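Geometric and topological summary
What follows is each chain in one-letter form.
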Amino acid sequence: MKWQEYQEAVGVLYEQMSEMGEVKKNITIPDRITGQPRQIDVWWEFPAGNHLIKILIDAKMRTSKLDVKDVEEILALAKSVKADKAIIVTNNEWTAPAEVFANPEGLDFLVLTIDEATDLIVDGKWLMCHDCQNDCVVMDSDGAIEIEGKINWWLGGKCRSCKTLHIICQSCGAKVMMKMNDSWKCNCNFEWTNKEDYYEFKVIEENGIEDYQNPNQMKIDFN
Ligand SMILES: [Zn+2]
Ligand SMILES: [Zn+2]
């Protein structure tokens, strides 16, 4: 998942959660002293009496835990744009010192996993990638073939990031994932190969490998 998408997902999350006020995504607000534009991931404003409460929400997609330095940065940004409160949304965790540092400043942490983030913004999401664990698989390559009057069908899709192909053969129930250029044969003697922009599907006959009759139907785009 790209960071821009994670930022978008955090915005969608707050749009869904905010019962009052207004949520703005990816905006700039001038620095209170210099007037320089500061980039804001998500900005939530709502009225409380005569006051307008302003909440700064920062999206941090990370492979390691957030540390004190991250907390300092967000607190400085919150001050710069005159936010009443700041929230860090991250897919990972934060260190104990970061939490100690954040608590007295009223800065909150919220976990939004990549799984949850992709739920919010990816159309046709099928499942999380079992290979890289860092993005989801979109089911965009299911297919079917009739053999001796029996319909055999499968579900398939590639990970949006690592392109690993995930296949479930409905006929035999086998599930597998294949890295690029890997092949796999299920119990029905069907064989898939993960290619750059498509996958190949073959029916393996007892007297050797025989391609499915219509080669064009074997190539399925993952656009
Ligand atoms: Zn992946
Ligand atoms: Zn099968």
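It should be emphasised that the depicted structure is a prediction, and the values quoted were computed from it without experimental measurement.

1. A word on the domain arrangement of the protein
- As assigned here, the protein comprises domain 1 (3-117) and domain 2 (124-218).
- On a C-alpha basis, the centres of domain 1 and domain 2 stand 41 Å from each other.

2. Some points on the pairing of strand E13 (residues 190-194)
- Counting buried positions along E13 gives five out of five residues, so the element sits mostly inside the fold.
- Residues of E13 alternate between two faces, with Phe 190, Trp 192 and Asn 194 on one and Glu 191 and Thr 193 on the opposite face, all of them buried.
- Bridge count between strand E12 (residues 183-185) and E13: three bridges; the pairing is antiparallel. When the bridges of E13 are listed, Trp 184 appears paired with Trp 192.
- Connecting E12 to the antiparallel partner E13 that follows it, the hairpin turn spans four residues, and Asn 189 within it adopts a positive phi of roughly 65 degrees.
- Looking at chain direction, E13 and strand E14 (residues 199-205) are connected through five bridges and run antiparallel. Each bridged residue has a counterpart across the sheet, and for Asn 194 the counterpart in E14 is Tyr 199.

3. Overview of the coordination of the zinc ion (ligand 1)
- Protein coordination at the zinc ion (ligand 1) comes from Cys 129 (SG), Cys 132 (SG), Cys 159 (SG) and Cys 162 (SG), with a distance range of 2.3 Å.
- Look at where the donors of the zinc ion (ligand 1) fall in the sequence and you get C-x2-C-x26-C-x2-C. Placement of the pair is Cys 132 in the loop between strand E6 (125-128) and strand E7 (136-139) and Cys 159 in strand E9 (residues 150-159), with a sequence separation of 27 residues.
- Cys 132 sits in the partly exposed class, given a relative accessible area of 29%.

4. A look at the coordination of the zinc ion (ligand 2)
- Distances from the zinc ion (ligand 2) to its protein donors, Cys 169 (SG), Cys 172 (SG), Cys 186 (SG) and Cys 188 (SG), fall within 2.2 to 2.3 Å.
- Taken together, the four donor atoms coordinating the zinc ion (ligand 2) span angles of 107 to 111 degrees at the metal, a pattern that classifies the geometry as tetrahedral.
- For the zinc ion (ligand 2), the donor residues sit on a single chain with the sequence spacing C-x2-C-x13-C-x1-C. One end of the pair, Cys 169, is in strand E10 (residues 165-169); the other, Cys 188, is in the loop between E12 and E13, and 19 residues separate them in sequence.
- Classification of Cys 169 as buried rests on a relative accessible area of 0%.
- The class for Cys 188 is partly exposed, based on a relative accessible area of 25%.

5. Points about the environment of His 130
- Position of His 130 among the secondary structure elements: in the loop between E6 and E7.
- Accessibility expressed as a relative area gives 52% for His 130, which makes it exposed.
- Along the primary structure His 130 and Val 176 are separated by 46 residues, whereas in three dimensions their C-alpha atoms are 9.7 Å apart.
- Excluding anything up to four places from it in sequence, His 130 contacts His 166 and Met 177.

6. So, the layout of surface pockets
- Volume-wise, the largest pocket comes out at about 260 Å³.
- Around the largest pocket, the lining is made up of eleven residues, and of these Ile 147, Cys 188, Val 203, Ile 204 and Glu 205 lie nearest the centre.
- Broken down by element, the residue count for the lining of the largest pocket peaks at three residues, all from E14.
- Residues belonging to the lining of the largest pocket are distributed by class as follows: five nonpolar, two polar and four charged.

7. Quick word on the UniProt feature "domain: Restriction endonuclease type IV Mrr" (unreviewed entry) in the protein
- Here, UniProt's "domain: Restriction endonuclease type IV Mrr" (unreviewed entry) annotation points to residues 2-104.
- The annotated region residues 2-104 carries 34% helix and 36% strand content, and the separation between its end C-alpha atoms amounts to 32 Å.

8. Regarding the pattern of salt bridges
- All told, the structure shown has twelve salt bridges when counted by the stated rule.
- Of the charged contacts, one joins Asp 115 and Lys 125 as a salt bridge, the two residues approaching to 2.5 Å between their closest N and O atoms. With Asp 115 in helix H4 (residues 114-121) and Lys 125 in strand E6, the pair connects residues that are ten residues apart, well separated along the chain.
- Exposure remark for Asp 115: the relative accessible area of 35% places this residue in the partly exposed category.
- Taking the shortest distance from any N to any O, the salt bridge between Lys 179 and Asp 131 comes out at 2.7 Å. Of the two residues, Lys 179 is situated in the loop between strand E11 (175-178) and E12 and Asp 131 in the loop between E6 and E7; the sequence distance between them amounts to 48 residues.
- One network of salt bridges, with partners in common, ties together Glu 5, Asp 135 and Arg 160.

Scoring rules and cut-offs
- Residues numbered from 1 in each chain as written.
- Chains lettered and ligands numbered in written order.
- Predicted model: local features only at pLDDT ≥ 70, side-chain atom pairs only at ≥ 80, totals over all residues.
- Heavy atoms only, no water.
- Domains from an automatic or database assignment.
- Buried < 20%, exposed > 50% of the residue type's maximum accessible area, 1.4 Å probe, protein only.
- Helix = DSSP H or I, 4+ residues; strand = E, 2+ residues; numbered from the N terminus.
- Pairing = 2+ DSSP bridges.
- Donors = N, O, S within 2.8 Å, 3.2 Å for Na, K, Ca; no water.
- Tetrahedral: all angles 85-135°; square planar, octahedral: opposite > 155°, others 65-115°.
- Contact = heavy atoms within 4.5 Å.
- 1 Å grid on protein atoms, 1.4 Å probe; cavity = no way out; pocket = protein on both sides within 12 Å on 5 of 7 lines; lining within 4 Å.
- Points joined across faces, edges and corners; volume = space filled by probe spheres on them.
- Nonpolar A, V, L, I, M, F, W, Y, C, P; charged D, E, K, R; others polar.
- UniProt positions renumbered as here; feature names shortened; annotations may be inferred.
- Salt bridge = Lys/Arg side-chain N within 4 Å of Asp/Glu carboxyl O.

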